[in-house]
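# Architecture and fold: a report
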Amino acid sequence: MSVHSSPYRRLIRSKGVLVPGVLGTVAALLMTGAGPASAAPPGPEETVRPGQAWMGAGTRLEQGPTPGPAPMDTSGVQGIDVSNWQGSINWASVKAAGIDFAYMKATEGTNFKDASFNANYTNSYNAGLIRGAYHFARPNSSNGATQANYFASNGGGWSKDGKTLPGVLDIEGNPSGASCYGLSTTQMRTWVNDFYNTYKARTGRDVVIYTTASWWNSCTGNWTGMAAKSPLWVAHWGTTSPNIPAGFPTWTIWQYTATGRVSGVSGDVDRNKFNGSMDRLVALANNT
C-alpha cells in the first residue's frame, strides 16, 4: 500500500471554513469503510480509523514500508491483495501481467463493507483469476463469532467452483491503538477460535489466517492451536525468507512486499506468492 495524507486533508474549504455538506460526504465515506476511489490511505503519522484499514495496515507499524517500488517477481504462483484504496482496477491487465490469484477486502469489524468489494470480486473472477475475500479483524469491537458471521454474510462466503479461495481472517497489529486490541493472550486465542469455528460452520471451509510472526507470537502467546486447522498467510516484507509464527510448519501464502507494482493497478499494491503449483492453488479453491 502506498502511504499518503488522509482524505481529511482534501476537504474543500472556503475562507478557512469547511464547506457545508462536504464534511457529511467524507464522514459517510469513512463510516462505510471506504474513501473515494482516488483517495490515498492514512499516512504513517495518522490514525487508521475503524473502516479504513487494509491488509498490512498494522504490519506497516511493525515492519515499516519497504523502500520504493519492489522489483517485479515473476517466480512461482503470484497474487495480489487489494481494497478500495487501489481505486478502479483493470483486472484483464492484472491477469495479463502474470497474476494468478487475488484477495480483496470484504469486511471489517461488524459494520464496514469495502466499497470496491463487489466490483473487485466479480471483475477478477471474470478476468480469469482465482479470487477470495478477507476480513480485517477488530477484536476490540465484538467477539469472533459475530465478526465471522458478518464476514460470511457480506462477501466472505465460499463456493466449490475452482475459482473461489477460502476466506481470510486478517488479524494483525491494531493500526488504531494498542497492538493486541486490549485482549490478553487467552482472550485472543478464544477470539480467533470462535471466528474459525463460526466461519467453518457457515462455509465448510477452514479460514486462512493472515498475520505476522511477531504479532502472533506476542498477542496469542506463541499459540500453536491453529497450525493444524488453518492455512497460514504470513506477512514479512523485504526479506528472502519469511519468519513463521509459532506452531505453523510453513506458509501457504507469503505477502513479501507492500510496494509491488502490477499493470492494471495504479500505484503500490501488495504482492504475494503461493507456496505450491497452480494445481495446488486450484485444489485449495476446491477444498480438495
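Scope of this entry: the structure provided in the associated data block. (Residues numbered from 1 in each chain as written. Predicted model: local features only at pLDDT ≥ 70, side-chain atom pairs only at ≥ 80, totals over all residues. Heavy atoms only, no water.)

Moving on, we come to helix α8 (residues 278-286). Residues Leu281, Ala283, Leu284, Ala285 and Asn286 constitute the buried set of α8. Where α8 is buried, its residues touch β3 (77-82), β4 (101-108), β6 (130-136) and β11 (269-274). One or two positions beyond α8, positive phi appears at Asn287, with a value near 60°. (Buried < 20%, exposed > 50% of the residue type's maximum accessible area, 1.4 Å probe, protein only. Helix = DSSP H or I, 4+ residues; strand = E, 2+ residues; numbered from the N terminus. Contact = heavy atoms within 4.5 Å.)

Over its 19 residues, helix α6 (residues 185-203) runs 27 Å from end to end, which matches the ideal 27 Å to within 8%, given 1.5 Å per residue. Among the residues making up α6, those that are buried are Met188, Trp191, Val192, Phe195, Tyr196, Thr198, Tyr199 and Thr203. (Expected span 1.5 Å × (residues − 1).)

Positive phi outside glycine occurs at Tyr181, with the angle close to 60°. Among the secondary structure elements, Tyr181 is positioned in the loop between β7 (168-170) and α6. Residue Tyr181 is classed as buried on the basis of its relative accessible area, which comes to 6%. You will see that Asn287, though not glycine, has its phi angle at about 60°, which is positive. Mapped onto the elements of the fold, Asn287 is located in the segment after α8.

Okay, the nonpolar core next. Generally speaking, nonpolar side chains in soluble globular proteins are found buried as a group. In terms of nonpolar packing, the biggest core is built from 68 residues, with Ile80 and Ile171 touching the most fellow members. In terms of residues, this core owes the most to one element, α6, which gives six residues. When near neighbours in sequence (up to four residues on either side) are disregarded, Ile80 contacts Trp91, Val94, Ile99, Phe101, Ala102, Tyr103, Val262, Val265, Val269, Asp270, Arg271 and Asn272. (Core = buried A, V, L, I, M, F, W, Y, C linked by side-chain atoms within 4.5 Å.)

Further remarks concern the pattern of salt bridges. All chains considered together, the criterion is met by five salt bridges. Salt-bridge contacts for Arg138 lead to Glu108; the nearest nitrogen and oxygen are separated by 2.9 Å. Remark: Glu108 occurs in strand β4 and Arg138 occurs in the loop between β6 and α5 (144-153); sequence separation between them is 30 residues. A residue is classified by how much of its surface remains accessible, and Arg138, at 5% relative accessible area, is buried. Take Glu108: its relative accessible area is 0%, and that puts it in the buried class. One salt bridge connects Asp268 with Arg261, and the closest N-O pair in it is separated by 2.8 Å. Overall, the relative accessible area of 39% leaves Arg261 in the partly exposed class. Beyond isolated ion pairs, a larger network of salt bridges with shared partners links Lys105, Glu108 and Arg138. (Salt bridge = Lys/Arg side-chain N within 4 Å of Asp/Glu carboxyl O.)

This next bit is on the state of the cysteines. Per the stated rule, a full pass over the model turns up one disulfide. The side chain of Cys180 participates in a disulfide bridge whose partner is Cys219; the two sulfur atoms lie 1.9 Å from each other. One disulfide, between Cys180 and Cys219, carries an S-S torsion of -75° and so falls in the left-handed class. Placement of Cys180 in the loop between β7 and α6 and of Cys219 in helix α7 (residues 213-219) is noted, with a sequence separation of 39 residues between them. Overall, the relative accessible area of 2% leaves Cys219 in the buried class. (Disulfide = S-S within 2.5 Å.)

Per the counting criterion, the structure on display carries ten aromatic pairs. With a centroid separation of 5.8 Å and 65° between ring planes, the pair formed by Trp216 and Phe248 is classed as edge-to-face. One end of the pair, Trp216, is in helix α7; the other, Phe248, is in the loop between β9 (232-235) and β10 (253-260), with 32 residues separating them in the sequence. You can call Trp216 buried: its relative accessible area is 0%. For Phe248, a relative accessible area of 7% puts it in the buried group. Seen from their ring centres, Trp254 and Tyr256 are 5.9 Å apart, and the 65° between their planes marks the pair as edge-to-face. Each member of the pair Trp254 and Tyr256 is classed as buried. The positively charged end of Lys163 is found above the aromatic ring belonging to Tyr125, 4.6 Å away from the centroid. (Phe/Tyr/Trp six-rings, centres within 6.5 Å; stacked < 30°, edge-to-face > 60°. Lys NZ or Arg CZ within 6 Å of the ring centre and 35° of its normal.)

Any functional reading would require information that these geometric values do not contain.
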